[in-house]
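Listed below, chain by chain, are the residues.
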Amino acid sequence: MPGSSTGLSVEALYDPARDTLYQVAPVETESSPQRLTVTTFEGWSKTREAEGTPGSSRWSVPLPESFQAGATPSLALAGPLLFVLNPVTRGILVAEADTGVPLGQIAPTTSLSSASGTTPCPALRAHRRRDGSYLVLIQDPTSPRVLVHHLDDPQKSVAGK
């Protein structure tokens, strides 16, 4: 996997059904030396076995400025959606997994968003229900509780279904 010499950690999520690796890593650009970006690598296992490289990148999308470099976001995949948890604000960016196009954000609750970004990054899990809605779960390692968000299918309103 591509790395960074900045010492910041890299978050990765592999989807075996698509043979795609989703990765959040700092990328140096002219405007921002450590902008966090989500990148996909298709054919990851096949290409990696054959050439020792991560595969071809289908898309790469910079995360909003609120995702500060230095705190690595958590990733979750459910159906056609990719969820990216901001470790500082605890907000969740929702994007299409195939294109990286942002569909919206899930705002954190007041009690969770007021938490300092100095705690370890919470675990993020997402599940697509039969009715097309999503359950998105956040477990902060410093708290015994699990926060559950319910999200109606954001692609229905976008696609006009």
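Only a predicted model underlies this, so the values are computations on that prediction, with no experimental measurement involved.

A. Structural context of the sheet that holds strand 7 (residues 92-96). Read across the open sheet, the four strands follow the order 5-6-7-8; overall the sheet is antiparallel. Single-partner strands in this sheet number two, and they are strand 5 (74-78) and strand 8 (102-106). For this sheet the average axis-to-axis angle between neighbouring strands, irrespective of direction, equals 20°. Taken together, the five bridges between strand 6 (residues 81-85) and strand 7 define a ladder with antiparallel strand orientation. The residue bridging Leu81 from the neighbouring strand is Glu96, located in strand 7.

B. Main features of the sheet that holds strand 11 (residues 146-151). Ordered by their spatial adjacency, three strands build an open sheet running 9-10-11, and the pairing between neighbours is antiparallel. Looking at which strands have only one partner, the edges of the open sheet turn out to be strand 9 (123-128) and strand 11. When strand polarity is set aside, the average angle formed by the axes of neighbouring strands in this sheet is 15°.

C. Region of interest: the nonpolar core. Core analysis: the largest hydrophobic core is formed by 15 residues, its most contacted members being Phe83, Ile92, Leu124, Tyr134 and Val136. Counting residues per element, the ones that place at least two in this core are strand 5, strand 6, strand 7, strand 9, strand 10 (134-139) and strand 11. In contact with Tyr134, not counting residues within four places along its chain, are Ala78, Pro80, Leu81, Phe83, His127, Arg128, His149, His150, Leu151, Asp153 and Pro154. In terms of nonpolar packing, the next biggest core, distinct from the first, is built from twelve residues, Val24, Leu63, Leu75 and Ala97 among them.

So, how was this worked out
Residues numbered from 1 in each chain as written. Predicted model: local features only at pLDDT ≥ 70, side-chain atom pairs only at ≥ 80, totals over all residues. Heavy atoms only, no water. Pairing = 2+ DSSP bridges. Helix = DSSP H or I, 4+ residues; strand = E, 2+ residues; numbered from the N terminus. Axes fitted to C-alpha atoms, helices over the stretch in contact; angles between N-to-C directions. Core = buried A, V, L, I, M, F, W, Y, C linked by side-chain atoms within 4.5 Å. Buried < 20%, exposed > 50% of the residue type's maximum accessible area, 1.4 Å probe, protein only. Contact = heavy atoms within 4.5 Å.

All quantities given are derived from atomic positions and should not be read as evidence of function.
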